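A structural walkthrough
One-letter residues, chain by chain:
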Protein chains: 2
Amino acid sequence: MQLLKQKIVNEGKTLEGNIIKVDTFLNHQIDIELLNEIGKEFKKRFQDKDVTKILTIEASGIAVAVIAAQYFNVPVVFAKKTVGKNMDKAVYIGSVYSYTKSQHYNILVSKDSISHEDNVLLIDDFLANGQAILGLKEIVDAAQANLVGAGIVIEKGFQKGGKLLRDAGIQVESLAIIDSLENNIIVFRDE
Amino acid sequence: MQLLKQKIVNEGKTLEGNIIKVDTFLNHQIDIELLNEIGKEFKKRFQDKDVTKILTIEASGIAVAVIAAQYFNVPVVFAKKTVGKNMDKAVYIGSVYSYTKSQHYNILVSKDSISHEDNVLLIDDFLANGQAILGLKEIVDAAQANLVGAGIVIEKGFQKGGKLLRDAGIQVESLAIIDSLENNIIVFRDE
């Protein structure tokens, strides 16, 4: 998606440790116009699927998911990382391994919010090692719902998540795939 | 806001401890159509203000803020509760007291994302003790920006936040104010 790549080039900052910082438009400050274009693009890429629900994970996936949901006319569910005191007792649990923190944590979705009749599209802002998407897939599977695919804004193509998910048969649509950040140069995958 | 109150009556669940659970449409599963009506209503109530930025706090404020932002044509910034490894070092810090956890925690906003020229509208899903809004106000003040007001979806009118904020001169616009949840009966404030 050209507009997104241009934005990454113009405003993204590369940091030590293969980090690309996009917090002027995606995961701290949010550019709503760009998000709308992202939402339209996801709709285009999954237009032949009868998506009935969008599932994401708090926190930075929420903005992308709710704007995109407007083009699918479906509700969003966001998986929670902590059990609030008003959370349902009946939940589906997914396990996510955090490479940053070197530990597993659980994500939770109320059983009331996904059914076996749902066609679920996963949405997230970043794909790196694929652990968040795998955790969400666990929840979709537990609900015996149908997993339509995963819509990702930025994929770090030099990390293993994309390959892992595609090898597992998941339709992964990443709007910008970065194949290298070496020497602070952003190299996109040709599409 | 009638549509919202109707939704609260139809789908909200009252729990022990003055809790109103609205996770079928607001803070777990999200009803995008309702959120759009909420966004329009915020725009109506703050239409005479030249809002340049919407500020909220992760996680459940984000959905409301980004949908509302479409009616104001402004970016959203969401304050973070944890310091990520790609967070700017230069941040404004607000302090929030959590009654649930009986402790203070910090919320952070990059200095790049709010300037003294901004007219900032705060948005959140719930107002109870007002601590989140006060923490966000701290950040707006630290940036020497102008605080336009606070748009709240559901205010627990029987808790002290609303009075506290209004007494401090903040224009608080709550789309549904619940004055009592006693005996599991939802009593709205007349408006």
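Refer to the preceding data block for the structure.
These remarks concern the structure in this document. (Residues numbered from 1 in each chain as written. Chains lettered and ligands numbered in written order. Predicted model: local features only at pLDDT ≥ 70, side-chain atom pairs only at ≥ 80, totals over all residues. Heavy atoms only, no water.)

1. Some words on empty space enclosed by the protein
All names here are of chain A. For the record, the criterion: Buriedness of a pocket was judged along seven lines, with at least five required to meet protein on both sides within 12 Å; pockets are open sets of points on a 1 Å grid over the protein atoms alone, cavities are sets where a 1.4 Å probe fits but cannot get out, and lining residues have an atom within 4 Å of a point. Grid points are joined across faces, edges and corners, and a volume is the space filled by probe spheres set on the points. Charged means Asp, Glu, Lys or Arg here, nonpolar means Ala, Val, Leu, Ile, Met, Phe, Trp, Tyr, Cys or Pro, and polar covers whatever is left, Gly included.
Scanning the model with the defined rule gives one cavity of 30 Å³ or more in all. Looking at the largest cavity, its volume works out to about 30 Å³. Around the largest cavity, the lining residues are Glu 11, Lys 13, Lys 21, Val 22, Asp 23 and Thr 24. Across the lining of the largest cavity, the residue classes break down as one nonpolar, one polar and four charged.

2. Points about the packing of helix α2 (residues 32-45) of chain B against helix α3 (residues 60-72) of chain B
Residue and element names in this part refer to chain B. Counted only if it meets this: Only the contacting stretch of a helix is used when fitting its axis, a line to C-alpha atoms as for every element, and angles between N-to-C directions run 0 to 180 degrees. Strands are runs of DSSP state E lasting at least 2 residues, helices are runs of H or I lasting at least 4, and numbering of each runs from the N terminus. Put simply, angles under 35 degrees are roughly parallel, angles over 145 are roughly antiparallel, angles from 65 to 115 are roughly perpendicular, and the rest are oblique. Helix crossings are classified by the rotation of the near helix relative to the far one: an anticlockwise turn of less than a right angle makes the crossing left-handed, while a clockwise turn makes it right-handed. What makes two residues a contact is simply this: any of their non-hydrogen atoms within 4.5 Å.
At a minimum axis separation of 8 Å, α2 and α3 run at an interaxial angle of 55°. By the angle class used here, α2 and α3 are oblique. Read as a crossing pair, α2 and α3 show a hand that is right-handed. Side by side, α2 and α3 meet where Ile 32, Leu 35, Asn 36, Ile 38, Gly 39, Lys 40, Phe 42 and Lys 43 of the first sit next to Ala 63, Val 64, Ile 67, Ala 68, Gln 70, Tyr 71 and Phe 72 of the second.

3. A few points about the environment of Lys 111 of chain B
Residues and elements named next belong to chain B. The test is simple: Whether a residue is buried, partly exposed or exposed follows from its accessible area with a 1.4 Å probe, protein chains only, as a fraction of its type maximum: under 20%, in between, or over 50%, in that order.
One can find Lys 111 in the loop between β7 (103-110) and β8 (119-127). For Lys 111, a relative accessible area of 41% corresponds to the partly exposed category. Remark: the alpha-carbon pair of Lys 111 and Phe 78, spanning 33 residues in sequence, is separated by 13 Å. In this view, Lys 111 contacts Ala 90, Val 91 and Tyr 92; residues no more than four positions away in its chain are not counted.

4. Some words on the sheet that holds strand β4 (residues 53-57) of chain B
Filter applied, for reference: For two strands to count as paired, DSSP must find a minimum of two bridges between them.
Strand order in this open sheet of seven strands is β3(A)-β5(B)-β4(B)-β8(B)-β9(B)-β10(B)-β11(B), and the pairing throughout is mixed. The open sheet terminates on both sides in strands that have one partner only, identified here as β3 (29-30) of chain A together with β11 (187-188) of chain B. In terms of strand pairing, β4 of chain B meets strand β5 (residues 76-79) of chain B through four bridges, oriented parallel. Bridge pairing in β5 of chain B links Leu 55 of chain B to Val 77 of chain B.

5. Comments concerning the relation of the copies chain B and chain A
Selection criterion: Copy-to-copy superposition: least squares on the C-alpha atoms, limited to residues that have pLDDT of at least 70 in both copies.
Of the transformation superimposing chain B on chain A, the axial component is 0.0 Å and the angular component is 180°, with the fit at an RMSD of 0.0 Å. The transformation just described matches what one would write down for a two-fold rotation axis. Proximity to the rotation axis, assessed at the C-alpha, singles out Ala 59 of chain B in chain B; its C-alpha lies 2.5 Å from the axis.

6. Describing the interface of chain B and chain A
Applicable threshold: What counts as buried area is the accessible surface, traced by a 1.4 Å probe, that two parts surrender upon association, with contributions from both included. Any Lys or Arg side-chain nitrogen found within 4 Å of a carboxyl oxygen on Asp or Glu counts as a salt bridge. Counted as a polar contact is a pair of N or O atoms within 3.5 Å, where, for protein atoms, one must be capable of donating a hydrogen and the other of accepting one, and residues adjacent in sequence contribute only when both atoms are in side chains.
At the interface, 38 residues of chain B touch 38 residues of chain A. Regarding the contact of chain B and chain A, the summed buried area is about 3,000 Å², with carbon and sulfur atoms giving 59% of it. Interface area lost by chain B to chain A is led by His 28, Gln 29 and Asn 86 of chain B, which between them contribute 21%. Here chain B and chain A share zero salt bridges between them. Put simply, chain B and chain A have 13 residue pairs in polar contact (both at pLDDT 80 or more) between them. Contributing elements (two or more residues each) for the side of chain B that touches chain A: β1 (13-15), β2 (19-21), β3 (29-30), α2, α3, β5 and β7 of chain B. Top contributing element to the side of chain B that touches chain A by residue count: α3 of chain B, with seven residues. For the side of chain B that touches chain A, the per-class residue count stands at 19 nonpolar, ten polar and nine charged.

7. Let's talk about the side chain of Ser 113 of chain A
Note that Ser 113 of chain A resides in the loop between β7 (103-110) and β8 (119-127). Non-local contacts of Ser 113 of chain A, meaning those with residues more than four positions away in its chain, are made with Lys 53, Val 77 and Asp 118 of chain A together with His 28 and Gln 29 of chain B.

8. Quick word on helix α1 (residues 2-11) of chain A
Residue and element names in this part refer to chain A. Keep this limit in mind: Read the arc as the range of directions from the helix axis to the C-beta atoms.
Among the residues of α1, those classed as buried are Leu 4, Lys 5, Lys 7 and Ile 8. All buried residues of α1 fall inside an arc of 160° around its axis, so they share one side. For α1, exposure combined with an orientation more than 90 degrees from the buried face picks out Gln 2 and Asn 10. Those residues of α1 hidden inside the fold are in contact with β2 (19-21), α2 (32-45), β9 (146-156), β10 (172-180) and β11 (187-188).

9. Some points on the packing of helix α3 (residues 61-72) of chain A against α3 of chain B
One can describe the packing of α3 of chain A onto α3 of chain B by two numbers: an axis separation of 9 Å at closest approach and a directional angle of 50°. Relative to α3 of chain B, the element α3 of chain A lies oblique. As for the relative orientation of α3 of chain A and α3 of chain B, their crossing is right-handed in sense. Contacts from Ile 62, Ala 63, Val 66, Ile 67 and Gln 70 of chain A in α3 of chain A reach Ile 62, Ala 63, Val 66, Ile 67 and Gln 70 of chain B in α3 of chain B. Residue composition of the contact of α3 of chain A with α3 of chain B, grouped by class: eight nonpolar, two polar and no charged.

10. What to know about the sheet that holds strand β4 (residues 53-57) of chain A
Read across the sheet, seven strands follow the order β11(A)-β10(A)-β9(A)-β8(A)-β4(A)-β5(A)-β3(B) without closing on themselves; strand pairing throughout is mixed. Strands at the two margins of the open sheet, each flanked by one partner only, are β11 of chain A together with β3 of chain B. Sheet strands in contact with α1 of chain A are β9, β10 and β11 of chain A, and its direction is about 35° off that of β10 of chain A.

11. Section: the packing of aromatic side chains
All names here are of chain A. Applicable threshold: Pairing of aromatic rings covers Phe, Tyr and Trp, the last counted by its six-membered ring, and requires centre-to-centre distances within 6.5 Å; plane angles under 30 degrees mean stacked, over 60 mean edge-to-face, and any other angle means tilted.
Overall, the coordinates contain two aromatic pairs over all chains when judged by the stated rule. Plain terms: the ring middles of Tyr 97 and Tyr 99 are 5.0 Å apart, the flat faces sit at 90° to each other, and that makes the pair edge-to-face. By relative accessible area, which is 25% here, Tyr 97 ends up partly exposed. According to the relative accessible area criterion, Tyr 99 is partly exposed, its value standing at 39%.

12. A closer look at the pairing of β7 of chain A
Pairing analysis gives eight bridges linking strand β6 (residues 91-98) of chain A to β7 of chain A, with the strands arranged antiparallel. Paired with Val 91 of chain A across the two strands is Ser 110 of chain A, which belongs to β7 of chain A.

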